[in-house]
Every structure is written in structure tokens, then in C-alpha cells.
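Residue-level listing of the chains:
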Amino acid sequence: MSKLLVANWKMNPTSENEAIRLAKAIDKEGIAIAPPFIFLPALKKVLKNASLGAQDAFWEEKGAFTGEVSPPMLKKLGVEYVIIGHSERRALGETDAIINKKVLAALKAGLKLILCVGEDLKIRRRGLKAVKNFIKNQLQKDLPAKIFKKNLGGLIVAYEPIWAIGAGKADTPEDAKEIINFIKKILHSNFYFLNSKVLYGGSVNAQNAAGFLKVADGLLVGGASLRVKEFLSILRSSA
Ligand code: PGA
């Protein structure tokens, strides 16, 4: 199975010119770039190999929702992937109930979903069993019952331990493997997703990428995706 590398630029860079420069430099097959919304149209014009991703989407299609962007709007722009439930959004108040609605709307619009799950340090300190319980609960709350009955493809889950995000300190591939396999088991047995992909995210860099790629179907990369040389080196370890 080919690996997927998702570049989550978060609220970076600060200009369209810089976004275009960065995007052109990492425009390779197997990569999805998730820039801030406002750079999506410009990137659509310049990308030849990489796919486009969005960092979020609302659950309604249109209407009086100030500041929101809908999944069909993204789809029309040529966006292929959408990240839902990133821990930075959860920290700003996004609940499992909100994520559940967003997941359904994104899939309904035909976007490939990247659902982020992951535990905080307090839970991790209690051990991997506690982590599994927490993530099982998150999946049950975040994935709407309606989608299980349909054979919707394109489900991607990113396992991102919150304590490893932007921390410069990643999980170990051994522990990540245990959680990733657990997520696959749950998706298969509880939700009947046969072809789900599970990515790892959290302080991925050029040094640790190869280890995580042995245990995950791809990577969700934040900070290192803004550093061209490093990101291309991560890409080489996924080949
Ligand atoms: P990081 O971010 O690679 O900077 O830790 C990952 C993410 O938030 O998706």
C-alpha cells in the first residue's frame, strides 16, 4: 500500500507567494498539502502532483454561518482531503458531537476524511490500556452511526498523541504501532471499514519518519512540512 504524507501547514505561511513557493517545492506524488483556506485556489493552480487538503470544514452546506467553509465548497475547488478533529481545534472547543457532524458532512460531499484522534499526557501516563479505551471512545463518538451502514471508502484516521504534537518529542514507533493496530481493529470490527488507513502524527521529522512509516500507512506532518529540505527527506523515507 502506498504511503500518504499529509503536510498540515496550520496557520502558515503568512503570504500567498510564500505558500506557492513552498507548495511548488514539495509538489510530489503521495503528498497532500493542507494550507490555510485562503491559499487553496492559488495552490490548485500550481500543483501538478500533490493533492490538496483542507484543515477543517463545517457541517452545513451553505447558509448563515459566519466564518465557516462548507465541504461542497471545498470539493468544488478541487480539494481531495479534509482534516477533521485536529487536537488544536478540539482545544479551541470543538467537541466530539461537532466532529461527528463534520465527519458525516465531509464524507457526504465526497471528501477523503482524515479524522484525528489522540490522548493527552495525563491519559498516556496511565498506560497504553488507558490510551486504547480513550481512543475507542473517541472513535465511537466521532464516527456517525449512519456511515457504518454504507460502504464509504476513503476513511483515514490520524493517530496523534496530543503530548507529541509540536513538542519536538515524538512517540516511539513501538507504542504507536500498538495503538495504530488497535485503531485498525476497531475500525474493522466495530465499524466494518475494511480499507481504512491509519497515519501517525506528532513531531515527525527526517530522523524518526522511517521508523513510523514501518508501522503506519502514512504521516501527518506539521512543523517539518514547512521546511522543504526536511520534508523531502521524509518523503524519501516513504518511498
Ligand atoms: P507537528 O504537528 O508535526 O508539528 O508535531 C503535527 C500535527 O499537528 O498534525
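Shown above is the structure to which this text applies.
No experiment lies behind these values; they were computed from the predicted model shown.

Some words on the packing of aromatic side chains
Think of a pair of aromatic rings as described by two things: how far the centres are apart, and how the planes are tilted against each other in angle. A full pass over the atoms with the stated rule returns four aromatic pairs. Among the aromatic residues, ring-to-ring pairing joins Phe58, Trp59 and Phe65 into one connected group.

Regarding the pairing of strand E4 (residues 81-84)
Within a regular strand, the side chains alternate between the two sheet faces. The two faces of E4 match: Tyr81 and Ile83 on one face and Val82 and Ile84 on the other face are all buried. In this sheet, E4 lies alongside strand E3 (residues 51-54) in parallel orientation, the contact comprising two bridges. In the strand pairing of E4, Gly53 is matched with Tyr81. With respect to chirality, the unit in which E3 leads through helix H3 (residues 71-77) into the neighbouring parallel E4 is right-handed. Bridge analysis of E4 against strand E5 (residues 112-117) gives four bridges, and the strand direction is parallel. Residue pairing for E5: Tyr81 is matched across the bridge by Lys112.

Quick word on the nonpolar core
Leu43, Leu139, Ile183, Leu187, Tyr200 and Leu219 are the most contacted members of the largest nonpolar core, which has 69 residues in total. Per element, the largest residue contribution to this core is seven residues, and it comes from helix H9 (residues 173-189). The residues contacting Tyr200, other than those within four sequence positions of it, are Tyr159, Pro161, Ala164, Ala170, Asp171, Ala176, Ile180, Phe212, Ala216, Gly218, Leu219 and Leu220. In terms of nonpolar packing, the next biggest core, distinct from the first, is built from twelve residues, Tyr81, Ala158, Leu199 and Leu220 among them.

Quick word on the pairing of strand E2 (residues 31-34)
By the alternation rule, side chains of E2 split into Ile31 and Ile33 and Ala32 and Ala34, which are all buried. Crossover connection from strand E1 (residues 4-8) via helix H1 (residues 16-25) to parallel E2: handedness right-handed. Handedness of the crossover is the feature at issue here: the chain leaves E2, passes through helix H2 (residues 40-46), returns alongside E3, and the resulting connection is right-handed.

Looking at the packing of helix H7 (residues 128-142) against H9
Interhelical geometry of H7 versus H9 gives an angle of 35 degrees and a closest axis separation of 10 Å. In the crossing of H7 with H9, the sense of the turn from one axis to the other is right-handed. Contacts between H7 and H9 pair Leu128, Val131, Lys132, Ile135, Lys136 and Leu139 from the former with Asp175, Glu178, Ile179, Phe182, Ile183, Ile186 and Leu187 from the latter. Along the lines of polarity and charge, the residues of the contact of H7 with H9 split into nine nonpolar, no polar and four charged.

Reading the values: rules and limits
Residues numbered from 1 in each chain as written. Predicted model: local features only at pLDDT ≥ 70, side-chain atom pairs only at ≥ 80, totals over all residues. Heavy atoms only, no water. Phe/Tyr/Trp six-rings, centres within 6.5 Å; stacked < 30°, edge-to-face > 60°. Buried < 20%, exposed > 50% of the residue type's maximum accessible area, 1.4 Å probe, protein only. Helix = DSSP H or I, 4+ residues; strand = E, 2+ residues; numbered from the N terminus. Pairing = 2+ DSSP bridges. Right-handed = clockwise from strand over helix to strand, strands pointing away. Core = buried A, V, L, I, M, F, W, Y, C linked by side-chain atoms within 4.5 Å. Contact = heavy atoms within 4.5 Å. Axes fitted to C-alpha atoms, helices over the stretch in contact; angles between N-to-C directions. Left-handed = near helix turned anticlockwise from the far one by under 90°. Nonpolar A, V, L, I, M, F, W, Y, C, P; charged D, E, K, R; others polar.

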